[in-house]
Amino acid sequence: MTIYFYGADDVPYGCFSNFSAHSVELDGHLWPTSEHYFQAQKFIGTRHADLIRRARTPLRAAELGRDPSRPLRRDWERVKDDVMRRAVASKFRAHADIRGILLSTGDEEIVEDTLTDHYWGRGRTGTGRNMLGRILMRTRNRLREQELPGFRVTPVG
Ligand SMILES: Nc1nc(O)c(N)c(N[C@@H]2O[C@H](COP(=O)(O)O)[C@@H](O)[C@H]2O)n1
């Protein structure tokens, strides 16, 4: 059965969202969420990237990262999938509880259930590329190959 996720606070699959409160350590910095890392990479080496890293919430990081007045790095379209792969892999390698949740999905399809994002998610018509879901499934395969242990946290209530 296909697994849909979107809200970061949803149990149990909200942890698949980049907005979930799981830090990542990459490129010599600790990032509060994978969304902070992803958005900052659009402006790598600039003060705006530092501002995004220090944003109080992932939503604020996303707002700063989508500021149309700020020019994106020139190669962004070429590198953005790799940036997302690094962010997601780092997150699930670092946190055994959510690694367990990801591994517990077996071979099920994982889909970001957003009406507004036709690239990272399924989009309004359901025909979106679902790149984030695909990256999560790829990360799941890699973790399985590496036999990293995961443990499942049973939600309370
Ligand atoms: N919570 C949330 N709200 C939205 O409006 C979204 N589009 C998403 N999707 C996530 O946004 C990130 C991509 O951002 P860009 O549009 O490329 O700046 C990525 O983390 C998607 O999963 N989430």
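Computed from a predicted model, the values in this text were never measured in an experiment.

K.L.:
So, the UniProt feature "domain: NADAR" (unreviewed entry) in the chain: which residues are in play, and what are the values?
P.N.:
Per the UniProt record, the feature "domain: NADAR" (unreviewed entry) sits at residues 4-144. Within the segment residues 4-144, helix and strand shares are 45% and 8% respectively, and the terminal C-alpha atoms sit 21 Å apart.

K.L.:
Give a description of the side chain of threonine 114 that names residues and reports values.
P.N.:
Its location among the elements puts threonine 114 in the loop between β4 (110-112) and α6 (131-146). In this structure threonine 114 comes out as buried when scored by relative accessible area, which is 4%. Excluding anything up to four places from it in sequence, threonine 114 contacts Tyr6, Gly121, Arg122, Gly123 and Arg124.

K.L.:
Pulling in residues and values, what's your account of the site of the ligand?
P.N.:
Taken together, 13 residues form the shell around the ligand, and within it Tyr6, Asn18, Glu35, Lys42 and Arg66 come nearest. Tryptophan 120 has a polar side-chain atom sitting 3.2 Å from an oxygen atom of the ligand. Residue contributions to the shell around the ligand peak at three residues, all from helix α1 (residues 34-40). Partitioning the shell around the ligand into residue classes produces six nonpolar, two polar and five charged.

K.L.:
Go over the environment of tyrosine 4 with me, naming the residues and quoting the values.
P.N.:
Along the chain, the position of tyrosine 4 falls in strand β1 (residues 3-5). Put simply, tyrosine 4 and proline 58 are 54 residues apart on the chain and 20 Å apart in space, counted from C-alpha to C-alpha. Apart from residues lying up to four places away in sequence, tyrosine 4 is in contact with Val111, Asp113 and Arg122.

K.L.:
An account of the nonpolar core is needed here, citing residue identities and associated values.
P.N.:
Core analysis: the biggest nonpolar cluster contains 35 residues, and Phe16, Phe92, Trp120 and Leu136 have the highest contact counts within it. Every element with two or more residues in this core is listed here: β1, β2 (24-26), α1, α2 (47-53), α3 (58-65), α4 (76-94), α5 (96-103) and α6. When residues no more than four places from it in sequence are discounted, the contact partners of phenylalanine 16 are Ile3, Phe5, Lys91, Phe92, Ile101, Leu102, Thr105, Ile110, Leu132 and Leu136.

K.L.:
Could you give me a rundown of the packing of α5 against α6, with the residues and numbers involved?
P.N.:
In the contact formed by α5 and α6, the axes pass within 10 Å of each other and the chain directions differ by 105 degrees. Classified by the interaxial angle, the pair formed by α5 and α6 is roughly perpendicular. Judged by residue contacts, Arg99, Leu102 and Leu103 of α5 engage Leu136, Thr139, Arg140, Leu143 and Arg144 from α6. Grouping the constituent residues of the contact of α5 with α6 by class yields four nonpolar, one polar and three charged.

Conventions we followed
Residues numbered from 1 in each chain as written. Predicted model: local features only at pLDDT ≥ 70, side-chain atom pairs only at ≥ 80, totals over all residues. Heavy atoms only, no water. UniProt positions renumbered as here; feature names shortened; annotations may be inferred. Helix = DSSP H or I, 4+ residues; strand = E, 2+ residues; numbered from the N terminus. Buried < 20%, exposed > 50% of the residue type's maximum accessible area, 1.4 Å probe, protein only. Contact = heavy atoms within 4.5 Å. Near = heavy atom within 4 Å. Polar contact = N/O pair within 3.5 Å; in protein donor to acceptor, adjacent residues only side chain to side chain. Nonpolar A, V, L, I, M, F, W, Y, C, P; charged D, E, K, R; others polar. Core = buried A, V, L, I, M, F, W, Y, C linked by side-chain atoms within 4.5 Å. Axes fitted to C-alpha atoms, helices over the stretch in contact; angles between N-to-C directions. Parallel < 35°, antiparallel > 145°, perpendicular 65-115°, else oblique.

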